[in-house]
Amino acid sequence: MTEDQKFAAFVAGNIESASKDAGFIGLSQVWVRECIRHNYVQNFTWLGRPIIQVPQDIYAIQELIWVCRPDLIIETGIAHGGSLVMSASMLAMLDYCDAVADGRVLDPKASRRKVVAVDIDIRKHNRAGIESHPLAHKIVTIEGSSIAPDVFSQVAAHAKGYERVMVFLDSNHTHDHVLAELELYAPLASKGSYCVVWDTGVEDLPEDMCGDRPWGKGNNPKTAVRAYLELLSSEGRSGSDGGKLSFETDKIIENKIMITASADGFLRRI
């Protein structure tokens with residue numbers, strides 16, 4: 001066993017141990033709940049744009065993109081654009097590393113790797129911030145409901161010809177909307193890649209914390225994920241590549257970061 005393999009085994013043991021520690025898990029859940037009370041996730045930026053993600057979830061995104069090496073990332077929900085810039089920056093890093101490995105000069109704007117993002121309302125100041133960002137050439141934005149047929153057809157057109165696709169769902173958090181997004185967008189995720197459903201943790205929050213929202217306990221991304229996985233199990237679906245559509249919940253990445261807004265939301269296509 002190499003030293004790298006020994007360290008990987010050590011880390012795997014750490015993760016396994018944490019997954020069985022009820023006290024640590026409970027403490028992490030309390031931390032997530034309290035950070036929401038303080039709007040903690042709104043305090044951070046990625047390369048200058050507000051990202052509105054739990055920092056540990058940002059680590060998870062980085063690891064998933066590095067391992068899966070997608071050519072296309074599809075995101076629903078844009079807000080201030082920080083998540084798009086995060087994804088674009090990781091794709092740019094893949095471009096850079098590929099150029100180094102190939103021994104060639106990199107033309108940043110010649111890359112095919114892109115982020116395609118949808119939001120029902122891209123506010124003027126956010127659009128300006130995204131379009132003026134140095135990574136804007138890697139980002140395509142589409143305004144409209146993510147589940148509207150004409151909007152999805154635009155996304156699907158952009159996805160044609162891409163073999164490694166990753167999907168992040170982070171728009172309207174109601175059960176019906178997320179389930180409809182999963183029906184449309186999860187089939188675009190390539191085998192070995194992910195469809196990540198953000199904010200599944202709504203199901204685990206006290207009921208009064210979502211009082212001013214159209215979503216809450218029993219009506220949120222986690223309930224939609226459960227319903228979608230049951231549909232796949234009972235009815236079956238095909239991916240956009242024609243292959244059987246099957247996902248597993250990646251508990252390893254969740255147990256690794258422990259603090260997450262998206263428990264049971266890291267869906268790996270198998």
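My aim in this report is to walk through the structure given alongside it, one point at a time. (Residues numbered from 1 in each chain as written. Predicted model: local features only at pLDDT ≥ 70, side-chain atom pairs only at ≥ 80, totals over all residues. Heavy atoms only, no water.)

This part takes up the overall build of the chain. When its secondary structure is counted, the chain shows nine helices and nine strands. Against the compact-globule benchmark of 18 Å for 270 residues, the chain has a radius of gyration of 18 Å, which places it among compact chains. Residue burial in the chain is summarised as follows: out of 270 residues, 47% are buried. Restricting to contacts in the chain with at least 6 residues of sequence separation, those with at least 24 account for 71%. Separation between the mean location of the 28 positive side-chain charges and that of the 36 negative ones in the chain comes to 4 Å. (Helix = DSSP H or I, 4+ residues; strand = E, 2+ residues; numbered from the N terminus. Rg over C-alpha atoms; globule rule 2.2 N^0.38 Å. Buried < 20%, exposed > 50% of the residue type's maximum accessible area, 1.4 Å probe, protein only. Contact = heavy atoms within 4.5 Å. Lys, Arg positive; Asp, Glu negative; His and termini not counted. Charge placed at Lys NZ, Arg CZ, Asp CG, Glu CD.)

Looking now at helix α5 (residues 124-131). Restricting attention to buried positions, one finds in α5 the residues N126, G129 and I130. Taken down its axis, α5 places every buried residue within 95° of arc, on the same side. The exposed residues of α5 that point more than 90 degrees off its buried face are K124, H125 and E131. (Arc of directions from axis to C-beta.)

This part is about a nonpolar patch on the surface. A contiguous nonpolar patch, built from W66, V67, M93, Y96 and V100 and spanning about 540 Å² of accessible area, is present on the exposed surface. With three residues, helix α4 (residues 82-102) is the largest single contributor of residues to the nonpolar patch. Considering the arrangement of structural elements, one finds Y96 in helix α4. Relative accessible area serves as the criterion here: at 49%, Y96 is assigned to the partly exposed category. (Patch = residues over 30% accessible without salt bridge, like charges linked within 9 Å, V, L, I, M, F, W, Y side chains within 5 Å. Areas by Shrake-Rupley, 256 points an atom, 1.4 Å probe, with all protein chains shown as cover. Salt bridge = Lys/Arg side-chain N within 4 Å of Asp/Glu carboxyl O.)

This part takes up the packing of aromatic side chains. If you walk through the whole model with that rule in mind, you get six aromatic pairs. Pairing F168 with W198 gives two aromatic rings, centres 6.0 Å apart and planes at 45°, and the pair type is tilted. One end of the pair, F168, is in strand β6 (residues 165-169); the other, W198, is in the loop between β7 (194-197) and α8 (221-234), and 30 residues separate them in sequence. Owing to a relative accessible area of 2%, W198 belongs among the buried residues under this scheme. Between W198 and F266, the aromatic rings sit 5.8 Å apart at their centres with planes inclined by 85°, giving edge-to-face as the arrangement. Of this pair, W198 sits in the loop between β7 and α8 while F266 is found in strand β9 (residues 266-269), placing the two residues 68 residues apart along the sequence. The same class applies to W198 as to F266, namely buried. One residue, R69, lies across the ring of W66, its end atom 5.9 Å from the ring centre. (Phe/Tyr/Trp six-rings, centres within 6.5 Å; stacked < 30°, edge-to-face > 60°. Lys NZ or Arg CZ within 6 Å of the ring centre and 35° of its normal.)

Let us look at the environment of D250. The topology assignment puts D250 in the loop between β8 (247-249) and α9 (251-257). Separated by 237 residues in sequence, D250 and G13 place their C-alpha atoms 16 Å apart. When sequence neighbours within four positions are dropped, the list of residues in contact with D250 reads Y194 and F266. There is a polar contact of 3.0 Å between the side chain of D250 and the backbone nitrogen of I252. A polar contact of 3.2 Å, which involves the side chain of D250, links it to the backbone nitrogen of I253. (Polar contact = N/O pair within 3.5 Å; in protein donor to acceptor, adjacent residues only side chain to side chain.)

In this section: the side chain of S190. Within the fold, S190 resides in the loop between α7 (175-185) and β7. When residues no more than four places from it in sequence are discounted, the contact partners of S190 are E163, R164, V165 and R269.

This part covers the packing of α7 against α8. Viewed as axis vectors pointing N to C, α7 and α8 meet at an angle of 45°, and their least axial separation amounts to 8 Å. Considering the angle they form, α7 stands oblique to α8. Note that α7 runs across α8; the crossing there is right-handed. The segment α7 lies against α8, with H175, V178, L179, L182 and E183 engaging P221, T223, A224, V225, A227, Y228 and L231. Partitioned by chemical class, the residues of the contact of α7 with α8 number nine nonpolar, two polar and one charged. (Axes fitted to C-alpha atoms, helices over the stretch in contact; angles between N-to-C directions. Parallel < 35°, antiparallel > 145°, perpendicular 65-115°, else oblique. Left-handed = near helix turned anticlockwise from the far one by under 90°. Nonpolar A, V, L, I, M, F, W, Y, C, P; charged D, E, K, R; others polar.)

Given a rise of 1.5 Å per residue, 16 residues ought to cover 22 Å, and the 23 Å separating the end C-alpha atoms of helix α2 (residues 22-37) matches this to within 8%. Among the residues making up α2, those that are buried are S28, V32 and C35. Summarising the axial view, the buried residues of α2 lie within an arc of 70°, below the 170-degree limit, and thus occupy one face. Turned more than 90 degrees off the buried face of α2, the exposed positions are A22, G23, L27 and Q29. Where α2 begins, the capping side chain belongs to D21, and its oxygen is found 3.1 Å from the backbone nitrogen of G23. Where α2 terminates, the next one or two residues include N39, which has phi positive at roughly 55°. (Expected span 1.5 Å × (residues − 1).)

Let us look at the sheet that holds strand β4 (residues 114-119). Sheets are built from strands paired through backbone hydrogen bonds, the pairs being either parallel or antiparallel. The strand order across the open sheet built from seven strands is β5-β4-β3-β6-β7-β9-β8, with neighbouring strands paired in mixed fashion. Lying at the two open borders of the sheet, with one neighbouring strand each, are β5 (139-143) and β8. For this sheet, the mean inter-axis angle between neighbouring strands, taken without regard to orientation, is 15°. Contacts from helix α3 (residues 55-68) reach β3 (72-76), β6, β7 and β9, with the element oriented near 160° to β6. (Pairing = 2+ DSSP bridges.)

Keep in mind these numbers describe shape, not what the thing actually does.
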